[in-house]
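Residue-level structure breakdown
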2 protein chains.
Amino acid sequence: MDSIFQKKLKRVFSPNSIAVIGASDSFEKLGYHVMKSLVLGGYRGCLYPVNPASERIWGLKAHRSILDIEKEVELAIIVVPAKKSLDVLFECGKKKVMGAVIISAGYKETEGDEGKYLEERMRELSEGLEIPIVGPNTFGFVNVTDKVNASFTYEFSLIKEGGTTIISQSGGFCHLIGFLAIEERMGVAKLVGLGNRVNLDFHHTVRYFLEEDSATKALVLYIEGMDEPRKLFNAISQSKAKKPIIAYKSAKNVKRDVASKFHTGSLAGNYKIWKGAFRQFGILEVADSEELIDIAKALEACPSMRGERVAVLSGQAGPGIIAADVLEKEGLKLANFSEVTQRKIDELLPPLAIRTNPVDMGPAWYSPKTILSILKVASDDENTDGILFLNMFASANLKLVKEMVRILRDLEPFNKPVIACLCAPPGIWDEEIKEIDGQKGIVVVPTPERAAKTLANLYRIGSTGR
Amino acid sequence: MDSIFQKKLKRVFSPNSIAVIGASDSFEKLGYHVMKSLVLGGYRGCLYPVNPASERIWGLKAHRSILDIEKEVELAIIVVPAKKSLDVLFECGKKKVMGAVIISAGYKETEGDEGKYLEERMRELSEGLEIPIVGPNTFGFVNVTDKVNASFTYEFSLIKEGGTTIISQSGGFCHLIGFLAIEERMGVAKLVGLGNRVNLDFHHTVRYFLEEDSATKALVLYIEGMDEPRKLFNAISQSKAKKPIIAYKSAKNVKRDVASKFHTGSLAGNYKIWKGAFRQFGILEVADSEELIDIAKALEACPSMRGERVAVLSGQAGPGIIAADVLEKEGLKLANFSEVTQRKIDELLPPLAIRTNPVDMGPAWYSPKTILSILKVASDDENTDGILFLNMFASANLKLVKEMVRILRDLEPFNKPVIACLCAPPGIWDEEIKEIDGQKGIVVVPTPERAAKTLANLYRIGSTGR
């Protein structure tokens, strides 16, 4: 079954045609929001709304049943009530769809036996029909690369296209990360909510995105718990595609497993075992959603971090000390500049400031050119592996970042990762930060602590060999 | 000297008259930015620009020297080059100012001996003249309560007035926190950069803001290191004002003390000793700037957290599990609802969702009234001490938060702390979040992890007895 699924997943996640069963023109129905996501999200394939009660939906001809559609349908998105979903799925089988997204809830995540019974029938039926199912009880998925927003949240289409694919056991988590991604300019390839995983699980999707999806450059897994984690780790170790993998493991500390048990029908398991497995299989574990966003951005835009020696270049001493402190805590080191580098920096800065690492670039506030020269000199030093560049706004250095943007346009990308923190009141450097972030090997994050942590994670992931 | 200083500090931080020595009309000079901060920041006292080269500055009559000002001057802000500052300070003494802010750099923080010599002379002179000095090498201070922006960064005047006073060894840190405060709607009473602390140190200012400043409801200390920490802890233990104190200790892990040594002329010291002292004196230590912002907001707006039992109410299961996980890690517990509470929640929600704690409020997406009823029921339960309320945006629940704002206006404040996370794409709920944050016992933070952490810090600070 697994190999059949693998062949079909291309058509599930990048379908040429989609039927939305339970499509609607009424804002109160999820079928409205799924249509909105596809239409306004720019879906370029054939789109067929299905609803026996309507003639037209979202301006398109509506069909009474998926079987009334003349042409081929690759993906069915099902948003009818749970009780009706088996009949609909049976019709999808007749129509020979390649896969389904079942957004409807009301299965094993609910109290009582009825939902569990329905889900068991769904499993049997879908296996007989050989239909891989994303869900049930999922928000769907978003293929940012190909503009397929197969979810009930149109706003995911505002996410920037990028190389990170997120596979999640929770739709709520996808919403959290998706919105943070928009806010923080993180690029995404695919965002997938596995839901109850009736027949499509982490190991199928991980294998697919590692091996078959060239747009995916790195994977993020949000895991609460699963019945057979071994399948996931096998899929990872057997794959020849060495893409970096980041894991966010939740339900680590809850003494009562009730929450995750109900949510996705599986035990959270012993966290220590998970932790060991992550280490063994070269997976970087992150502790919270902000850390996840930052490292995903850095992975996408920065060169590799090949050692642990960091140059801290800061417009103000305090934030430089804060960052250096986090660096040391995270196991990185302040670089010892080579003599040549130190001499160049001494020439660039007056003796008013600390010119050894961490470098206080305060006196260069008015000279973006000097600041960029110091960045270049530090990055070219063979004794450094990464750069932290921190600069807090002050009324007097207003023009600094604006000018930097202009000069940066003509510069070669930095050959070491540069993590920057350019903190300013809302509205002041927003446009400039947008322009710098993700360009020329530079990533911009909100605080000095997060900048240092990101560099540490970049170093760790570089040493996993993935 | 200390008691003379204490009497003068009221006039330093809330002066009725200010002379800016080195005031300027040229954007390139810090004296321009200090004038801008005072004028546009709404300073209501008498303001005297001093500069022998100008007739008028910022539309005001300029004076050749502070001695040419006929009326009394309570505070002198000095932005002349280091070499001239001693002469200026001597004149300030003749003028009998109550205190000075010396923004100029070029003292012991610089390489070479000249700066150190100048600072030593400044110390002797100021002690003879009995002038308390904020600085040198500082951004200044901002008294948000009384609209005295005595700094070179006008934008600090955009910070919301509140009860938190920040005393910092680093001006860069003040900029970081100040801008985060604007972004995250944190209220501030006073923001003070001590700089090189030539004669005015943590213990003077901590005593003053604890005992003499009624607008200060809580203190934040940013500490790199100091020569006599005992003086600080004595000031805290001897004060009868039991205001909560939060410490951010940097330079904890740096193996080389060079950074903080240069920056503010003191050793960072052994972190373990600091940690023990924080515990002994009931000071809450935070690990990063975001944690600091969140707990400061919660301290200001929420009722006390009297126990460790938390109700997690989430519109989506995943974020609820994430938050519960952090809660348990931080030593809090999921509350066991009373029978009455559980029955009421069961009545409010359909059996489609988990209705025990953490409560999955997904089915109430369309009913802000139901959601607020559940919040009220959980908050009224004698088995709960605090509430986490999490709700991710989805296209379908767009109106939810808008409606909640409307209903909340007529509700009594919650009697337990409510930390909320309302995550949405930029622009969608911004106005609503602004309206909810800080009202009715509710504080809004950006992620579920930060929400849980904030509640844990609120519990910890409640148990310090301060």
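All chains use their own residue numbering, which begins from 1 and follows the written sequence. Think of it this way: whatever chain is written first is A, whatever ligand is written first is 1, and the rest follow in order. At least 70 in pLDDT is required for a residue's local features to be given in this predicted model, at least 80 for side-chain atom pairs to be given and counted, and no such filter applies to totals for whole chains, interfaces and linings, which use all residues. Side-chain metrics rest on all non-hydrogen atoms present in the structure, leaving aside hydrogens and water.

**Some points on the relation of the copies chain B and chain A**
Once turned by 180° and shifted 0.0 Å along the axis, chain B lies on chain A with an RMSD of 0.0 Å. Taken together, the rotation angle and the small translation identify this as a two-fold axis. Closest approach to the rotation axis among the C-alpha atoms of chain B is made by Glu290(B), whose C-alpha sits 5.4 Å away. Contacts between residues were defined by any pair of non-hydrogen atoms, one from each residue, lying within 4.5 Å. Interface overlap between copies is the fraction of interface residues in one copy that are interface residues in the other; for chain B against chain A it reaches 100%, indicating a shared surface. Least-squares fitting of one copy onto the other uses the C-alpha atoms of those residues that reach a pLDDT of at least 70 in both copies.

**Regarding the packing of aromatic side chains**
What counts as a ring pair is set by centres within 6.5 Å for rings of Phe, Tyr and Trp (its six-membered ring), and what kind of pair is set by the plane angle: stacked under 30 degrees, edge-to-face over 60, tilted for all other angles. Throughout the structure, instances matching the rule amount to 36 aromatic pairs over all chains. Between Tyr222(A) and Tyr248(A), the ring centres sit 5.6 Å apart and the planes meet at 75°, which makes this aromatic pair edge-to-face. Taken as a pair, Tyr222(A) in strand β12 (residues 218–223) and Tyr248(A) in strand β13 (residues 245–249) lie far apart in primary sequence, 26 residues in all. Pairing Trp274(B) with Phe278(B) gives two aromatic rings, centres 5.9 Å apart and planes at 40°, and the pair type is tilted. Linking Trp274(B) with Phe278(B), this pair stays in helix α9 (residues 271–280), spanning 4 residues, or about one helical turn. Trp274(B) sits in the buried class, given a relative accessible area of 5%. For the purposes of this entry, the term helix denotes a DSSP run of H or I that reaches at least four residues, the term strand denotes a run of E that reaches at least two, and both are numbered from the N terminus. Here the term buried applies to any residue with accessible area under 20% of the maximum for its type, exposed to any over 50%, and partly exposed to those in between, with areas from a 1.4 Å probe on protein chains only.

**What about helix α2 (residues 30–40) of chain B?**
Owing to its 3.6 residues per turn, the α-helix aligns residues three or four sequence positions apart on the same side. All names here are of chain B. Of all 11 residues making up α2, 8 are buried, and the element is well covered by its neighbours. Of all the residues in α2, the buried ones are Gly 31, Tyr 32, His 33, Val 34, Met 35, Lys 36, Ser 37 and Leu 38. Backbone geometry just after α2 places Gly 42 at a positive phi near 85°.

**A look at the sheet that holds strand β7 (residues 133–134) of chain A**
Residue and element names in this part refer to chain A. Pairing is parallel in the open sheet, where 5 strands are placed in the order β2-β1-β5-β6-β7. The open sheet has two edge strands with one neighbour each: β2 (46–50) and β7. Fitted lines through C-alpha atoms serve as axes, helices being fitted only where they are in contact, and the angles separating the N-to-C directions of these axes extend from 0 to 180 degrees. Contacting β1 (17–21), β5 (75–78), β6 (99–102) and β7, helix α3 (residues 82–95) runs over the sheet at an angle of about 170° to β5. A pair of strands is considered paired only if DSSP assigns at least 2 bridges between the two.

**Things to note about the pairing of strand β8 (residues 140–143) of chain A**
Residues and elements named next belong to chain A. Of the two faces of β8, the one lined by Gly 140 and Val 142 and the one lined by Phe 141 and Asn 143 are each fully buried. The turn joining β8 and strand β9 (residues 148–151), which pair antiparallel and follow one another in sequence, is formed by 4 residues; a positive phi near 55° is taken by Lys 147. Sheet analysis places β8 next to strand β11 (residues 187–193), joined by 3 bridges and oriented antiparallel. Looking at β11, one finds that Asn 143 is bridged to Lys 190.

**A word on the side chain of Asp437(A)**
Residues and elements named next belong to chain A. Structurally, Asp 437 can be placed in the loop between α15 (430–436) and β20 (442–444). The class of Asp 437 is buried, set by a relative accessible area of 4%. In this structure, Asp 437 is in contact with Glu 184, Arg 185, Lys 297, Ile 442, Val 443 and Val 444, ignoring residues within four places of it in sequence.

**Let's talk about the interface of chain B and chain A**
One widely used convention gives an interface's size as the accessible area the parts lose upon coming together. Opposite the 78 residues of chain B that make contact, chain A presents 78 residues. Should a side-chain nitrogen of Lys or Arg be within 4 Å of a carboxyl oxygen of Asp or Glu, the pair is scored as a salt bridge. Applying the counting rule to chain B against chain A returns 2 salt bridges. A salt bridge links Glu290(A) to Arg450(B), with the shortest nitrogen-to-oxygen separation between them at 2.9 Å. Counted as a polar contact is a pair of N or O atoms within 3.5 Å, where, for protein atoms, one must be capable of donating a hydrogen and the other of accepting one, and residues adjacent in sequence contribute only when both atoms are in side chains. Joining chain B to chain A, the criterion identifies 15 residue pairs in polar contact (both at pLDDT 80 or more). Listing elements by their share of the side of chain B that touches chain A, those giving two or more residues are α2, α5 (171–184), β13 (245–249), α8 (258–264), α10 (289–301), α11 (317–329), α14 (398–408) and α16 (448–462) of chain B.

**A few points about the packing of α3(A) against helix α4 (residues 114–129) of chain A**
Residue and element names in this part refer to chain A. Look at α3 against α4: their axes get within 10 Å of each other, and the N-to-C directions meet at 5°. Comparing their axes, α4 and α3 come out roughly parallel. Along the contact surface, α3 presents Ala 82, Lys 83, Ser 85, Leu 86, Leu 89, Phe 90 and Gly 93, while α4 presents Glu 114, Leu 118, Arg 121, Met 122, Leu 125, Ser 126 and Leu 129. Gly counts as polar in this scheme, as do all residues outside two lists: the nonpolar Ala, Val, Leu, Ile, Met, Phe, Trp, Tyr, Cys and Pro, and the charged Asp, Glu, Lys and Arg. Considered class by class, the residues forming the contact of α3 with α4 number 8 nonpolar, 3 polar and 3 charged. What sets the label is the angle itself: under 35 degrees gives roughly parallel, over 145 gives roughly antiparallel, 65 to 115 gives roughly perpendicular, and the rest give oblique.

**Some remarks on the pairing of β1(A)**
All names here are of chain A. Among the 5 residues in β1, 5 count as buried, and that is most of the element. Neither face of β1 is open: one carries Ser 17, Ala 19 and Ile 21, the other Ile 18 and Val 20, and all of them are buried. Across 5 bridges, β1 lies against β2 in parallel orientation. When the sheet's bridge partners are listed, Val 20 is paired in β2 with Pro 49. Running through helix α2 (residues 30–40), the crossover from β1 to the neighbouring parallel element β2 is right-handed. In terms of strand pairing, β1 meets β5 through 4 bridges, oriented parallel. Here the term right-handed applies to a crossover when the path leading from its first strand over the helix to its second strand runs clockwise, the strands being oriented away from the viewer.

**A look at unusual backbone geometry**
Residue and element names in this part refer to chain B. Residue Pro 136 follows Gly 135 across a cis peptide bond; omega there is 0°. Residue placement: Pro 136 occurs in the loop between β7 (133–134) and β8 (140–143). Between Asn 357 and Pro 358 the backbone carries a cis peptide bond, its omega angle lying at 0°. With respect to the helices, strands and loops of the structure, Pro 358 is situated in the loop between α12 (339–348) and β17 (359–360). The phi angle at Lys 147 is positive, at roughly 55°, despite the residue not being glycine.

**Describing the confidence of the model for chain A**
Note: pLDDT gives the predictor's confidence per residue, expressed from 0 to 100. Mean pLDDT for chain A: 94, with 97% of residues reaching 70 or above. Taken over the whole predicted complex, pTM reads 0.96, whereas the ipTM for its chain interfaces reads 0.96.

**Remarks on the side chain of Asn149(B)**
Residue and element names in this part refer to chain B. With respect to the helices, strands and loops of the structure, Asn 149 is situated in strand β9 (residues 148–151). Residue Asn 149 is classed as buried on the basis of its relative accessible area of 1%. A polar contact of 2.7 Å, which involves the side chain of Asn 149, links it to the side chain of Ser 151. Among the polar contacts listed, one links the side chain of Asn 149 to the backbone oxygen of Thr 153, at a separation of 3.2 Å. In contact with Asn 149, not counting residues within four places along its chain, are Val 34, Ser 37, Leu 38, Phe 141, Val 142, Tyr 154, Phe 156 and Ser 157.

**Some points on helix α10 (residues 289–301) of chain A**
Residue and element names in this part refer to chain A. Along its 13 residues, α10 runs 19 Å from first to last C-alpha, staying within 8% of the 18 Å computed at 1.5 Å per residue. For α10, the buried fraction is high: 11 of the 13 residues fall into the buried class. Every buried residue of α10 is listed here: Ser 289, Glu 290, Glu 291, Leu 292, Ile 293, Asp 294, Ile 295, Ala 296, Lys 297, Ala 298 and Ala 301. At the N-terminal boundary of α10, the capping side chain belongs to Asp 288, with an oxygen 3.0 Å from the backbone nitrogen of Glu 290. Helices are assigned an expected span. That span is 1.5 Å times one less than the residue count.

**Here we look at the environment of Cys92(B)**
Residue and element names in this part refer to chain B. Relative to the elements of secondary structure, Cys 92 occurs in helix α3 (residues 82–94). The exposure class of Cys 92 is buried, given its relative accessible area of 0%. It is 8.8 Å that separates the C-alpha atoms of Cys 92 and Leu 129, two residues lying 37 residues apart in sequence. For Cys 92, the residues in contact, after removing those within four places along its chain, are Ile 21, Ile 66, Ala 76, Ile 78, Val 97 and Ile 131.

**So, the pattern of salt bridges**
Inspection of every chain in the model, using the stated rule, returns 48 salt bridges over all chains. For the salt bridge of Glu119(B) with Lys108(B), the shortest nitrogen-to-oxygen distance reads 3.9 Å. Placement of the pair is Glu119(B) in helix α4 (residues 114–129) and Lys108(B) in the loop between β6 (99–102) and α4, with a sequence separation of 11 residues. Classification of Glu119(B) as buried rests on a relative accessible area of 1%. Residues joined by salt bridges that share partners form a network here, namely Glu290(A), Asp294(A), Arg450(A), Glu290(B), Asp294(B) and Arg450(B).

**What about the environment of Ala215(A)?**
Residue and element names in this part refer to chain A. Locating Ala 215 in the fold gives a position in the loop between α6 (202–211) and β12. Distance from Ala 215 to Ser 17, taken between C-alpha atoms, is 20 Å for residues 198 residues apart in sequence. In this structure Ala 215 touches Thr 145, Gly 162, Gly 163, Ala 189 and Lys 190, once residues within four positions along its chain are discounted.

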